[in-house]
Amino acid sequence: MCLSVLLHDSWETLEQWADQWDRWAHGKPFRSWDWVTTWCSIYGVAEPSCRLHVLSVHQGDGALGFAPLFMSWHPFWGWTIRFLGSGEICGDDVGWVAPGELQETVGRAIARALHHGTANACSMVTGGTNGSRTSIRIPTCDQVDLDGVRLSDRGLQGFLQELQGLGWAIDIRPIEHCWQIPLPKTWEEFLQNLPRSFMRKKIRKAQQRYLSPGGVHVHTVFGTIPWEEAWRHLINLHQARRLQLGDGGAFASGRFLRFHQEILSRWLPSGKARLVWLEWQGQAIAAEYLLISEETVRAYQSGMNPQFGHMSPGFLANLAVIQQAITEGYRVFDFLRGDEPYKADWGARPLEMVRIRAVPPRAVPQMRLRLWQTAKACVNVFRKRKHRECCPRLIEHDAPSGEVLSPTAIMDGTTC
């Protein structure tokens, strides 16, 4: 298969594929056109230290897939390539935008383009609407840093196999899992499938005490329903809870706030997002920000009123939105990233997620990676020692934090 790769430093040259891009995102919001273009407009890639670096893979005149990437300068690592949406927005299950059967092919083509440093640039013709292609040299990549990647992603496995064959050094480390609940057809079946009987009793007690008629009122905002009140409750409750826990909260960032205002203004009317808030005796006690695809409900952000901690408002919010998802026929409820114990109590199953660092076969990038790995190993030894001092009953066979995974084992599927 004869493939070509185009480098795009502007969204104008990609707009003709916007609909195709979303079809190939397969309902994964963090790969969607709206998500990555809105991220660029809010967080910006026009600064000298940051530039758009989207690659498209073609066979003849037809597009096969896209790599939603940007390049930024890091004082230690040099020019680093990351997925669009990285940072405080923190997307999960990111990767190439391509048909399922072409994920591996696209991943390998992207790896070769990054390694050899040549591609065709796609730039706009002045006064015209079509893109022109000129042969250029891709700016030297010193590191690829991919966060929020699912371990089983075929496109990323093909990408890593190709890089490894080209002599790149690869470091793969586990991060917090994503947690998903496979949803049955009925609420009663969901209760019977819960792994712990105490959860069934707790849920039934909460339903009887708080969610019966005349109790907690569940407000659901989607479509053309005004969402300003729900949005205000989400921000206030999230910030109140995070301040209680000792951090500033996500919505303290003006860019984070603007990003989600823009996303909600697009996705609420189209049914791709919804806001849910719970009210008790005239007081907002909990709120949820959900992302919706064809089969999956994703719990992206939440908040609760610490003054009503005795009612377990976070538990009530989870109960309400999971039951709502089952009633509406969704097949999966996704808590997204984070290893909080309550997720397993709800019957969620962990999905392995990793962060990948890869550096080309050049002396300086590989030296930087070795220095970083040595520093991480020292930090992990120190943390384990401190943990043993604080917790003398530590089980010795527990997997250490920061464990390095073998690229070969991952690509062979032996870690799953």
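Higher on the page you've got the structure.
Presented here is an overview of the structure given in this document. (Residues numbered from 1 in each chain as written. Predicted model: local features only at pLDDT ≥ 70, side-chain atom pairs only at ≥ 80, totals over all residues. Heavy atoms only, no water.)

1. Looking at the overall build of the chain
When its secondary structure is counted, the chain shows 12 helices and 18 strands. Counted over contacts in the chain with a minimum sequence separation of 6, partners at least 24 positions apart contribute 72%. Carbon and sulfur atoms make up 51% of the accessible area of the chain, which totals about 19700 Å². (Helix = DSSP H or I, 4+ residues; strand = E, 2+ residues; numbered from the N terminus. Contact = heavy atoms within 4.5 Å. Areas by Shrake-Rupley, 256 points an atom, 1.4 Å probe, with all protein chains shown as cover.)

2. A few points about helix α6 (residues 197-209)
For α6, spanning 13 residues, the distance from its first C-alpha to its last is 19 Å, which sits close to the expected 18 Å at 1.5 Å a residue. Of the positions making up α6, those classed as buried are M199, R200, I203, A206 and Q207. Mapping the buried residues of α6 onto a view down its axis gives an arc of 135°, with all of them on the same face. Opposite the buried face of α6, at more than 90 degrees from it, the exposed residues are K201, K205, Q208 and R209. (Expected span 1.5 Å × (residues − 1). Buried < 20%, exposed > 50% of the residue type's maximum accessible area, 1.4 Å probe, protein only. Arc of directions from axis to C-beta.)

3. What to know about the pairing of strand β13 (residues 273-280)
For β13, the buried fraction is high: seven of the eight residues fall into the buried class. Direction of pairing for strand β12 (residues 217-221) relative to β13: antiparallel, over a ladder of five bridges. Bridging from a neighbouring strand, H219 pairs with W277 of β13. Two elements, β13 and strand β14 (residues 283-292), share eight bridges in a ladder whose sense is antiparallel. The residue of β14 that forms the bridge with L278 is A286. Counting the residues that bridge the hairpin from β13 to β14 gives two residues, and of these Q281 lies at a positive phi of roughly 50°. (Pairing = 2+ DSSP bridges.)

4. Notes on the side chain of R31
Note on placement: R31 falls in the loop between α1 (18-24) and α2 (33-43). Using a relative accessible area of 3% as the deciding quantity, one classes R31 as buried. At 3.4 Å, the side chain of R31 and the backbone oxygen of V94 are in polar contact. Residues contacting R31, with those up to four places away along its chain left out, are W21, A25, D93, V94, G95, W96, V97, Q103 and D153. (Polar contact = N/O pair within 3.5 Å; in protein donor to acceptor, adjacent residues only side chain to side chain.)

5. Things to note about the packing of helix α3 (residues 103-116) against helix α4 (residues 154-165)
At a minimum axis distance of 7 Å, the contact between α3 and α4 shows a crossing angle of 35°. Relative to α4, α3 is oriented so that their crossing is right-handed. Contacts between α3 and α4 involve Q103, E104, G107, R108, I110, A111, R112 and L114 on the former and, on the latter, R154, G155, G158, F159, Q161, E162 and L163. In terms of residue class, the contact of α3 with α4 is made up of five nonpolar, five polar and five charged. (Axes fitted to C-alpha atoms, helices over the stretch in contact; angles between N-to-C directions. Left-handed = near helix turned anticlockwise from the far one by under 90°. Nonpolar A, V, L, I, M, F, W, Y, C, P; charged D, E, K, R; others polar.)

6. A closer look at the nonpolar core
Within the largest apolar cluster, 82 residues are counted, with the highest numbers of intra-cluster contacts made by W11 and F159. With seven residues, the single largest contributor to this core is α2. Excluding residues that lie within four positions of it along the chain, W11 makes contacts with W21, W33, V36, T37, C40, L52, V54 and L84. Grouped together as the second largest cluster of nonpolar side chains are 36 residues, A206, V216, L278 and W280 included. (Core = buried A, V, L, I, M, F, W, Y, C linked by side-chain atoms within 4.5 Å.)

7. As for the sheet that holds strand β9 (residues 143-150)
Read across the open sheet, the six strands follow the order β2-β5-β6-β9-β18-β10; overall the sheet is mixed. A single partner strand is all that each edge strand has here, and the edge strands are β2 (50-52) and β10 (169-174). Between one strand axis and the next, the sheet turns through 20° on average, direction left out of account. Pairing analysis gives six bridges linking strand β5 (residues 69-74) to strand β6 (residues 78-83), with the strands arranged antiparallel. Residue pairing for β6: M71 is matched across the bridge by I81.

8. Regarding the pattern of salt bridges
Evaluated as defined, the whole model comprises 20 salt bridges. Measuring nitrogen to oxygen at the nearest pair gives 3.0 Å for the salt bridge that ties E262 to R266. With E262 and R266 both in helix α8 (residues 254-270), this residue pair falls four residues apart, about one helical turn. E262 gets classed as partly exposed once you look at its relative accessible area, which sits at 30%. Overall, the relative accessible area of 34% leaves R266 in the partly exposed class. (Salt bridge = Lys/Arg side-chain N within 4 Å of Asp/Glu carboxyl O.)

9. Considering the environment of P306
As for its position among the elements, P306 is in the loop between β15 (296-304) and α9 (313-327). Note on P306: relative accessible area 26%, which makes it partly exposed. The sequence separation of P306 and A286 amounts to 20 residues, and the corresponding C-alpha distance is 9.4 Å. Not counting the four nearest positions on each side in its chain, P306 is found in contact with A240, R241 and Q244.

10. A few points about the packing of aromatic side chains
With the rule as written, the count across this model stands at 28 aromatic pairs. With a centroid separation of 4.9 Å and 80° between ring planes, the pair formed by W35 and F259 is classed as edge-to-face. Of the two residues, W35 sits in helix α2 while F259 sits in helix α8, which places them 224 residues apart along the sequence. Relative to F251, the ring of W231 has its centre 5.5 Å away and its plane inclined at 90°; by these criteria the two rings are edge-to-face. On the criterion of sequence distance, the pair formed by W231 in helix α7 (residues 228-245) and F251 in the loop between α7 and α8 is long-range, its members being 20 residues apart. Of the two residues, W231 and F251, both sit in the buried class. Counting every residue linked through ring pairs, the aromatic cluster contains W11, W17, W21, W24, W33 and F66. Its guanidinium or amino end placed over the ring of F315, K202 lies 4.4 Å from that ring's centre, counting from NZ or CZ. One Lys or Arg, R274, reaches over the ring of F222 and ends 5.5 Å from the middle of that ring. (Phe/Tyr/Trp six-rings, centres within 6.5 Å; stacked < 30°, edge-to-face > 60°. Lys NZ or Arg CZ within 6 Å of the ring centre and 35° of its normal.)

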